[in-house]
Amino acid sequence: MAGNEWINGYLEAILDSGGAVADDQKVSSPVSVRDGGDHFNPTKYFVEEVVTGVDETDLHRTWIKVVATRNSRERSTRLENMCWRIWHLTRKKKQLEWENVQRTANRRWEREQGRRDATEDMSEELSEGEKGDTVGELTQGETPRKKLQRNFSDIQSWSDDEKERKLYIVLISLHGLVRGENMELGRDSDTGGQVKYVVELARALSMMPGVYRVDLFTRQITSPEVDWSYGEPTEMLTSGSYDAEGNDVGESTGAYVIRVPCGPRDTYLRKELLWPYLQEFVDGALAHILNMSKVLGEQIGGGHPVWPYVIHGHYADAGDVAALLSGALNVPMVLTGHSLGRNKLEQLLKQGRQSKQDIDATYKIMRRIEAEELSLDAAELVITSTRQEIDEQWGLYDGFDVKLERVLRARARRGVNCHGRYMPRMVVIPPGMDFSSVSIQEDTADADGDLKDLIGADGASPRAVPPIWSEVMRFFTNPHKPMILALSRPDPKKNITTLVKAFGECRPLRELANLTLIMGNRDDIDEMSTGNASVLTTVLKLIDKYDLYGLVAYPKHHKQSDVPDIYRLGAKTKGVFINPALVEPFGLTLIEAAAHGLPMVATKNGGPVDIHRALNNGLLVDPHDQQAIADALLKLVAEKNLWHDCRKNGWRNIHLFSWPEHCRTYLSRVAACRMRHPQWKTDTPTDEALVEEESFGDSIWDVHESSLRLSMDGERSSLGGSLEYDPAEVGKVAGEGDPEMQDQVKRILSKINRQAPKPQGGISNSNNQNEVSGPTINKYPLLRRRRRLFVIAADCYDSNGGPDRKMLQLIQEVFKAIRSDSQMSKISGFALSTAMSISQVLSLLKSGKIPATDFDALICSSGSEVYYPGTAQCMDAEGKLCADPDYATHIEYRWGYDGVKRTLVKLMTSQNAQDNKKSTSIIEEDVQSSNPHCVSFVVKDSAEARPVDDLRQKLRMRGLRCHLMYCRSSTRLQVVPLLASRSQALRYLFVRWGLNVGNMYVIVGERGDTDYEELVSGYHKTVIMKGMVEKGSEELLRTAGSYHKEDTVPGHSPLVVFANKGIAAEEIMRALKEASKAASGM
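Residues numbered from 1 in each chain as written. Predicted model: local features only at pLDDT ≥ 70, side-chain atom pairs only at ≥ 80, totals over all residues. Heavy atoms only, no water.

- In the nomenclature of an unreviewed UniProt entry, the protein is known as Sucrose-phosphate synthase of Musa acuminata subsp. malaccensis.
- Of the comments in the UniProt record for the protein, the one headed Pathway (unreviewed entry) reads "Glycan biosynthesis; sucrose biosynthesis; sucrose from D-fructose 6-phosphate and UDP-alpha-D-glucose: step 1/2."
- Reading the Sequence similarities (unreviewed entry) entry of the UniProt record for the protein gives the comment "Belongs to the glycosyltransferase 1 family." (UniProt positions renumbered as here; feature names shortened; annotations may be inferred.)

Let's talk about the overall build of the protein
So, step 1. A count of helices and strands for the protein gives 38 helices and 29 strands.
So, step 2. For the protein, the residues scored as buried account for 56% of the 1082 residues in total.
So, step 3. Restricting the contact set of the protein to residue pairs at least 6 apart, pairs at least 24 apart contribute 72%. (Helix = DSSP H or I, 4+ residues; strand = E, 2+ residues; numbered from the N terminus. Buried < 20%, exposed > 50% of the residue type's maximum accessible area, 1.4 Å probe, protein only. Contact = heavy atoms within 4.5 Å.)

Description of unusual backbone geometry
So, step 1. Located in the positive-phi region is His 419, a residue other than glycine, with phi close to 55°.
So, step 2. Mapped onto the elements of the fold, His 419 is located in the loop between helix H15 (402-413) and strand S10 (425-428).

Some words on empty space enclosed by the protein
So, step 1. Evaluated as defined, the whole model comprises five cavities of 30 Å³ or more.
So, step 2. Of the volumes computed, that of the largest cavity is approximately 610 Å³.
So, step 3. For the largest cavity, the lining is made up of 32 residues, of which Gln 279, Leu 374, Arg 952, His 963 and Glu 1014 are closest to its centre.
So, step 4. Contributing elements (two or more residues each) for the lining of the largest cavity: helix H9 (278-300), helix H10 (315-329), helix H13 (365-378), helix H35 (948-957), strand S25 (962-967), helix H36 (982-993) and helix H37 (1012-1016).
So, step 5. In terms of residues, the lining of the largest cavity owes the most to one element, H13, which gives five residues. (1 Å grid on protein atoms, 1.4 Å probe; cavity = no way out; pocket = protein on both sides within 12 Å on 5 of 7 lines; lining within 4 Å. Points joined across faces, edges and corners; volume = space filled by probe spheres on them.)

Brief notes about the packing of H10 against H13
So, step 1. For the pair H10 and H13, the least separation of the axes is 8 Å and the interaxial angle reads 45°. Relative to H13, the element H10 is oriented oblique. Between H10 and H13 the crossing geometry is left-handed. Touching Tyr 315, Ala 316, Gly 319, Asp 320 and Ala 323 of H10 are Arg 367, Arg 368, Ala 371, Glu 372, Leu 374, Ser 375 and Ala 378, all from H13.
So, step 2. For the contact of H10 with H13, the class distribution of residues is six nonpolar, two polar and four charged. (Axes fitted to C-alpha atoms, helices over the stretch in contact; angles between N-to-C directions. Parallel < 35°, antiparallel > 145°, perpendicular 65-115°, else oblique. Left-handed = near helix turned anticlockwise from the far one by under 90°. Nonpolar A, V, L, I, M, F, W, Y, C, P; charged D, E, K, R; others polar.)

Re the sheet that holds strand S4 (residues 211-219)
So, step 1. Strand order across the open sheet formed by eight strands is S5-S6-S4-S3-S7-S8-S9-S10, with mixed pairing between neighbours. The open sheet has two edge strands, strand S5 (234-239) and S10, and neither has a second partner. Across the sheet, the mean angle separating the axes of adjacent strands is 20° when strand polarity is ignored.
So, step 2. Direction of pairing for S4 relative to strand S6 (residues 254-260): parallel, over a ladder of seven bridges. Residue pairing across strands places Asp 215 opposite Tyr 256, the latter belonging to S6.
So, step 3. This element, helix H8 (residues 193-206), spans strand S3 (167-172), S4, S5, S6 and strand S7 (310-314) of the sheet and lies at about 160° to S4. (Pairing = 2+ DSSP bridges.)

Things to note about helix H21 (residues 563-572)
So, step 1. Along H21, seven of the ten residues are buried, which leaves the element largely enclosed by surrounding structure.
So, step 2. Here H21 has its buried residues at Val 563, Asp 565, Ile 566, Tyr 567, Leu 569, Gly 570 and Ala 571.
So, step 3. Where the residues of H21 are buried, they touch helix H17 (467-473), strand S11 (483-487), strand S12 (514-518), strand S14 (576-579), helix H22 (588-595) and helix H25 (640-653).
So, step 4. In the stretch just after H21, Lys 574 is the one whose phi turns positive, near 60°.

Focus on the pairing of S7
So, step 1. With respect to burial, S7 is a largely interior element, five of its five residues being buried.
So, step 2. Burial of S7 is two-sided: the residues Val 310, His 312 and His 314 facing one way and the residues Ile 311 and Gly 313 facing the other way are all buried.
So, step 3. As paired strands, S3 and S7 are joined by four bridges and run parallel to one another. For Leu 171, the partnering residue across the bridge sits in S7 and is His 312.
So, step 4. Pairing geometry for S7 and strand S8 (residues 333-336), over four bridges, is parallel. Bridging from a neighbouring strand, His 312 pairs with Val 334 of S8.
So, step 5. In this fold, S7 hands off to H10, which returns the chain to S8; that crossover is right-handed. (Right-handed = clockwise from strand over helix to strand, strands pointing away.)

Points about the pattern of salt bridges
So, step 1. According to the stated counting rule, one finds 51 salt bridges in the structure shown.
So, step 2. Across the pair Arg 489 and Asp 491 runs a salt bridge whose closest N-O atoms are separated by 3.6 Å.
So, step 3. A single salt-bridge network, built from bridges that share partners, covers Glu 370, Asp 377, Asp 949, Arg 952, Arg 956 and Arg 961. (Salt bridge = Lys/Arg side-chain N within 4 Å of Asp/Glu carboxyl O.)

Thoughts on the nonpolar core
So, step 1. With 151 residues, the main nonpolar core has Ile 172, Leu 810, Phe 855 and Leu 989 as its most contacted residues.
So, step 2. The greatest single-element share of this core, amounting to ten residues, is contributed by H10.
So, step 3. A domain-level breakdown of this core finds at least three residues from each of domain 1 (167-240 + 250-428) and domain 3 (783-894 + 979-1033 + 1044-1080).
So, step 4. Discounting residues that sit within four places of it in the chain, Leu 810 has contacts with Ile 792, Ala 794, Ile 1003, Met 1025, Met 1028, Ile 1063 and Ile 1068.
So, step 5. One finds Leu 499, Ile 543, Ala 571 and Leu 633 within the second-largest nonpolar core, a separate group that totals 70 residues. (Core = buried A, V, L, I, M, F, W, Y, C linked by side-chain atoms within 4.5 Å. Domains from an automatic or database assignment.)

A closer look at a negative patch on the surface
So, step 1. A cluster of like negative charges, contributed by Asp 523, Asp 524, Asp 526 and Glu 527, occupies part of the molecular surface.
So, step 2. Judged by relative accessible area, Asp 523 falls into the exposed class, the value being 60%. (Patch = residues over 30% accessible without salt bridge, like charges linked within 9 Å, V, L, I, M, F, W, Y side chains within 5 Å. Areas by Shrake-Rupley, 256 points an atom, 1.4 Å probe, with all protein chains shown as cover. Lys, Arg positive; Asp, Glu negative; His and termini not counted. Charge placed at Lys NZ, Arg CZ, Asp CG, Glu CD.)

Brief notes about the sheet that holds S11
So, step 1. Spatial ordering of the open sheet is given by S13-S12-S11-S14-S15-S16, a layout of six strands whose pairing is parallel. Looking at the sheet topology across the chains shown, the edges are occupied by strand S13 (552-553) and strand S16 (618-621).
So, step 2. Bridging between S11 and S12 involves five bridges; their strand directions are parallel. For Ala 486, the partnering residue across the bridge sits in S12 and is Leu 517.
So, step 3. Each of strand S15 (600-603) and S16 is contacted by helix H23 (residues 608-615), which is oriented at about 155° to S16, the strand it contacts most.

Describing the environment of Asp 610
So, step 1. Tracing the backbone shows Asp 610 in helix H23.
So, step 2. A relative accessible area of 17% places Asp 610 in the buried class.
So, step 3. Residues Asp 610 and Gln 388, spaced 222 residues apart in sequence, show a C-alpha to C-alpha distance of 9.1 Å.
So, step 4. Residue contacts for Asp 610: discarding those within four places in its chain leaves Thr 386 and Arg 387.
So, step 5. At 3.0 Å, the side chain of Asp 610 and the side chain of Arg 613 are in polar contact. (Polar contact = N/O pair within 3.5 Å; in protein donor to acceptor, adjacent residues only side chain to side chain.)

What about the side chain of Thr 1022?
So, step 1. Relative to the helices and strands, Thr 1022 resides in strand S28 (residues 1021-1025).
So, step 2. Here Thr 1022 falls in the buried class, since its relative accessible area comes to 0%.
So, step 3. Of note is the side chain of Thr 1022, whose polar atom sits 3.3 Å from the side chain of His 1020.
So, step 4. Setting aside chain neighbours within four positions, we find Thr 1022 in contact with Val 1002, Val 1004, Leu 1015, Val 1016, Leu 1055, Val 1056 and Val 1057.

Some thoughts on the packing of aromatic side chains
Any aromatic ring pair is given by two values, namely how distant the centres are and how the planes are angled relative to each other.
So, step 1. A complete count under the given rule lists twelve aromatic pairs for this structure.
So, step 2. With centroids separated by 6.2 Å and ring planes inclined at 35°, the aromatic side chains of Phe 790 and Phe 830 adopt a geometry described as tilted. With Phe 790 in strand S19 (residues 788-792) and Phe 830 in strand S20 (residues 828-833), this pair connects stretches of sequence that are 40 residues apart.
So, step 3. Between Tyr 887 and Tyr 988 the ring centres are 4.8 Å apart and the planes differ by 65°, which places this aromatic pair in the edge-to-face class. Taken together, the positions of Tyr 887 in helix H33 (residues 885-890) and Tyr 988 in helix H36 put the pair 101 residues apart, joining distant regions of the chain.
So, step 4. Each residue in the set Phe 790, Phe 815, Phe 830, Phe 855 and Tyr 1001 is aromatic and connected to the rest through ring pairs, giving one cluster.
So, step 5. Directly above the ring of Trp 993 sits Arg 992, whose terminal nitrogen or CZ lies 4.1 Å from the centroid. (Phe/Tyr/Trp six-rings, centres within 6.5 Å; stacked < 30°, edge-to-face > 60°. Lys NZ or Arg CZ within 6 Å of the ring centre and 35° of its normal.)

Some details on the environment of Leu 590
So, step 1. Here Leu 590 is to be found in helix H22.
So, step 2. Exposure remark for Leu 590: the relative accessible area of 0% places this residue in the buried category.
So, step 3. Leu 590 sits 22 residues away from His 612 along the chain, and the two C-alpha atoms are 9.2 Å apart.
So, step 4. Leu 590 has contacts with Phe 577, Asn 579, Met 600, Ala 602, Pro 608 and Ile 611, leaving out every residue within four places of it along the chain.

Quick look at the pairing of S16
So, step 1. In this sheet, S16 lies alongside S15 in parallel orientation, the contact comprising four bridges. When the bridges of S16 are listed, Ala 602 appears paired with Leu 620.

A closer look at the packing of helix H18 (residues 496-504) against helix H20 (residues 530-545)
So, step 1. Viewed as axis vectors pointing N to C, H18 and H20 meet at an angle of 5°, and their least axial separation amounts to 9 Å. Regarding the angle of H18 to H20, the classification is roughly parallel. Residues Ile 496, Thr 497, Val 500 and Lys 501 of H18 form the contact with H20, whose participating residues are Val 535, Thr 538, Val 539 and Leu 542.
So, step 2. Classifying every residue of the contact of H18 with H20 by side-chain character gives five nonpolar, two polar and one charged.

Here's what the structure looks like:
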């Protein structure tokens, strides 16, 4: 094996040691490595098993120690130990390979079963046309170009006619160091090509007709480890205050970086450590988006909020955030994965060095995969760079099935019911590039000039040339020959050694061309990583073997700014660019080379196939076929007409990879998505009836806010302050403000004098528990005037799933605590968040003699319904309490009640159908707890129930998108729409009524339903009541090998406090004040 002399030496050492290993010890080894069946043959074992199957990284270090050993006995002992070590490594690797084969087979079976179930569930039989679309094969004679035209036939191209649209676009790239200028690319693994891509995308989109503003969200970092600029809340990327004609188009137009704080404020965290803080980022980003929507509404929306046109997440973490923001705002989501967790996990497992548990501990890979699955659930569109990424990478996910996606798309086109099944649409949009520095010349015979005129006949330079040219050409005996250029890391996957062999063994190619290998930067090969060093060593030995001195250049150093000059040198010599990688995910260098006039030879595996289809500027080859590589290079170098045709084609089509073209395709694809946005009116009603109904409380707040503005200290009111509405105090404001304010105050004082106190409403004695009576009915909830909201979300249930008495006690003590503070009671509201249905909630409150109207909101059935007791909005004509219709519309997205219900019954029944016994389901429908947006089941035996992770996987494979949870002490299984949950309901209250999540206090127990973790994380304050909940449902949340609680909930957060001294008003008040104080210090 070339480049591995240590293996040859090791073989010699094993031969010298004889059969000592086998004589001294007997091992249980494969039959193939035994001679005569009894003796272990280390040489045969090494050749057959180790050289072909074991990674040599660590063994090489051990071998160096062995070689350095002088004592022959010690040397033999070390060799013996090394042999055993190799045997154990190989056995471990084979075991991992077997487990991978089993896992792949099981997954394939589950995928086929899910597809079969989904097809059976859809009542209408597939037509012949659908069947053809299902297998996804081109009809005979259909070319790739015709297929492309067919796919785009229903897409309207984005044009300059869209300039009146004034869109607001949100991009999210969470990790790394993001800024517009002087990007620190390569500083760490999180600050690389993705950062450059999203910044350039934001700039390019802001320049498109019809796009008014682009916000790129990232994490705010104020750590001393990084530059101060990463702590700036806002950074302008482009200013679009004036259009091409010089007209003022608005002060907020352009592209901006918006930095949102989350997690420790003074620490720069790598992406694997950011997962517990994503909910905080969501709440911070939501606050900015709502504020910007109002600002843009005043500027360009005629007073109506301008909602984001699309929310686009980049990478898994930002995809998770985008999914939650999309659900909170009810706007479309787009996802770009960049790199995928399942693909990385498969590659790491194949290496055999780490177990799945070790990989997860290092990379948090399971949390990343779940984030990508959640992103697929919510995304309307997934953007990829290549077709290979769709088929071979996204195809690994539960939430995407190429065949099922085509079936569902065909049914949707024909208007056939898909029974709540959805698959995101995958589209290939290659990354954009900036070609502003590339000058495309006329392609004439002497367009490049004579290289001799530039460098001189003897290699001396008569005029200044780029320094890198001299660095490259010093290697060549004849620098005027066409140059074959390869530019990549010296990674084994880049297949450089095969290229050198192809060049060395093809005499006509050696006579016609030179070979230039740009293999990164190096000072000392011995200091490089083992893999890179091995490739470089092999290249040098091949150069010596084939005597390629004077024909191959391999400079040690180059700068990033030298790369365009290297391409230009290749074009000047009428050379060829080659990418012979075993698999190339995209192939950015191929586009760069084409832009500089270089035809290409590239691998046929991966992204180059799509690039070649678009540019038609070269040849594709099998990277394993050395002769095919040589023939393709020789063909392009020798046939000058073909070379010129390829060059012209590349220049003619290179615009397809420009940023304007990328953005045009991007916006066209987004425009074809199902557009959605909040339908309600968020402005405050001004009709006279509402003014009479609510103006008293509203005006009091107006005066109070005016008073605060006029005060000198300007401090915000705290939990410990006082806020009494004393008419005398209010009267003082009348003499301090402007005349308009004085008139307003006089009207308020007159209302105070004539308005009688309103008694508390209550539950009527009617038998219908959904009837709520009271002396007054507000048209709209008072939530829009609250400054704080206390959310009671403790999951206290008995063994039958009924509410525990502790829940009533907690409600009463929270009321007592808040009402003991005059300020807090006047600015605060209350909400109850529970898995119980509305009828069960009202029964509970009635048993404790607590008026339902004491609550501003009731979030019922695990977040599937929201009620506002005592408001006309949630009261029907007969006076019965009904759910918020706006919220019902809000969460309707991708909800398939019947499909979910049927599938869950089947899944929970099938696992008991064994031993030829009559199958019985472990669940039965709980009609009383169900509603149009919640399928509720009674769990007969929680020990036999499938975990949430397992059920969610099965539903995703069948195209069903929803939110599952076990609740009420594991006695119920409830399924609600994808956009519904108790935590998302709180964000809905923020979006709908303007009550900031940061001003909410969520009171929970130490454990709860399986959605408990979602309630703890976020920008709200959380009070955990210790000892309150005896049994939760969290044991049914995750399967073995899934992500962990610490991947979703921060271990220590100033926003989370504990109440340790029981359910008492004093202890609750202490915890609330502690949370408020800690949050104010952040």
